[in-house]
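# Coordinates in review
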Amino acid sequence: MTSTPLYFTKVVATTSGDAFLCGHAVEQGSEPTFTRFAKANDSGWVQLGDVGAVITDATTVPGDGERPSIAVLAAQGVLRLYRPGQQPVDFEIPTSGATLGLASGSDGIYVCGVDGQVLRLAEGEWEQMGQAASVDLFGLAEVSPGHLVVVGSHGFIAHRTPRGRWQPLSSGTEHDLLCIVASDDGGAWVGGDAGTLLRLTADFEVLPHSHGDHSIDALALLDGALYFTAVDTLFTYQPGTGATAVNGPFAPDAEFHCVSAAGDFLWVSGDQHVYRFGPAGWEQFLCPDNATLTMWIGTSAH
């Protein structure tokens, strides 16, 4: 595996404080041809191999043991599953369109993509979950057992009941909705273009919030606080008080592409840089392809 500087677009946090990351070669710019998959933790950095495709999403998949599996989704219609202690397994997705969003559910792994397609992988077999709409779907989440929510282009949002029927919801916006994170109360937060931020209640009521003009690329919840990435800033958000830029040991002019939280830990990726916030404060992890691993201890993110 050839060493090349990387920028990171996806990060998946685990409750143990580890992170799994998807990186692309800096020299390939905005049109990468492969994705480098890696793990970072207190012991250092482990390269897990290259995927000959562009990874569009990644998530943890709970298993029988303490360590979760990690699923990564390629736009070209392949899901790769990394089970602890085993070789990765690829699952060809029976769809002709690009696959863009990925989520782990109580009864399988879900993917969504162009033309409103939603599929579920369970026991090694794919099942069509019906066409939610004719728009492109960018993200999905299971907000409670059996209840899926999808978000997509032109402000589209819908939920699927356990009986299998898709019900569109009014988002109040025509902006693309790019990401969603489920909350512990059976609802969710949704982010999108032009600073669009929505709160979905457990009763599937959509409440508008707002933030600036920058697109919201990723969302995460840590200790009840919402975090999101917006181009060059990591924000934390509280209803009633609004968004506040997080003050961390971030490199000057860094961009932020993804944020993920699990247990006591929050991970965020920015260009060639990766940061973790946890009980010890802020730490910076630099991939060996970019530089020698360094660590920073900073102030609280709250």
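Use the structure listed above.
Computed from a prediction, not measured in an experiment: that's the story for all the values here. (Residues numbered from 1 in each chain as written. Predicted model: local features only at pLDDT ≥ 70, side-chain atom pairs only at ≥ 80, totals over all residues. Heavy atoms only, no water.)

Scanning the model with the defined rule gives ten aromatic pairs in all. Ring geometry for F20 versus F37: centroids 6.0 Å apart, planes at 20°, classification stacked. Of this pair, F20 sits in strand β2 (residues 19-25) while F37 is found in strand β3 (residues 35-41), placing the two residues 17 residues apart along the sequence. A relative accessible area of 13% means that F20 is categorised as buried. (Phe/Tyr/Trp six-rings, centres within 6.5 Å; stacked < 30°, edge-to-face > 60°. Helix = DSSP H or I, 4+ residues; strand = E, 2+ residues; numbered from the N terminus. Buried < 20%, exposed > 50% of the residue type's maximum accessible area, 1.4 Å probe, protein only.)

Moving on, we come to the pairing of strand β12 (residues 125-131). A regular strand places its side chains on the two faces of the sheet in alternate fashion. Pairing of strand β11 (residues 117-122) with β12, which is carried by five bridges, proceeds in the antiparallel orientation. Bridged to A122 within β12 is E125. Following β11, the chain reverses through two residues before pairing antiparallel with β12; E123 in that reversal takes a positive phi of roughly 55°. (Pairing = 2+ DSSP bridges.)

Bringing the sheet that holds strand β8 (residues 89-92) into the picture now. Taken in spatial order, the four strands line up as β5-β6-β7-β8 in an open sheet, and their pairing is antiparallel. In this open sheet, the two strands that pair with only one neighbour each are β5 (55-61) and β8. Averaged over all pairs of adjacent strands, the angle between strand axes in this sheet comes to 20°, irrespective of strand direction. As defined by bridge partners, β5 adjoins strand β6 (residues 69-74) across six bridges and the pair is classed as antiparallel. Bridge assignment links V61 to a residue of β6, and that residue is S69. (Axes fitted to C-alpha atoms, helices over the stretch in contact; angles between N-to-C directions.)

A few words now on the pattern of salt bridges. Taken as a whole, this structure holds eight salt bridges when the rule is applied. The salt bridge partner of R120 is E127, with a shortest N-O separation of 2.5 Å. Linking R199 and D185 is a salt bridge whose minimum nitrogen-to-oxygen distance equals 2.5 Å. Here D185 lies in the loop between β17 (177-182) and β18 (188-192) and R199 lies in strand β19 (residues 196-200), a separation of 14 residues in the sequence. Looking at R199, the relative accessible area reads 14%, which means it is buried. On the accessibility criterion, D185 (47% relative accessible area) is partly exposed. Sharing partners across several salt bridges, the network here consists of R36, D50 and D289. (Salt bridge = Lys/Arg side-chain N within 4 Å of Asp/Glu carboxyl O.)

In this section: the side chain of R160. Mapped onto the fold, R160 is located in strand β15 (residues 157-160). In this structure the side chain of R160 is engaged in a polar contact, spanning 3.4 Å, whose partner is the backbone oxygen of M129. Excluding residues within four positions of it along the chain, R160 makes contact with M129, G146, H147, L148, R165 and W166. (Polar contact = N/O pair within 3.5 Å; in protein donor to acceptor, adjacent residues only side chain to side chain. Contact = heavy atoms within 4.5 Å.)

Before going further, it helps to examine the sheet that holds β3. Pairing in this open sheet of four strands is antiparallel, and the strands run β1-β2-β3-β4 from one edge to the other. Of all the strands in the sheet, just β1 (6-13) and β4 (44-51) have a single pairing partner and so form its edges. Along the sheet, successive strands turn relative to each other by an average axial angle of 25°, direction set aside. Pairing analysis gives seven bridges linking β3 to β4, with the strands arranged antiparallel. What sits directly across from N41, in β4, is G44.

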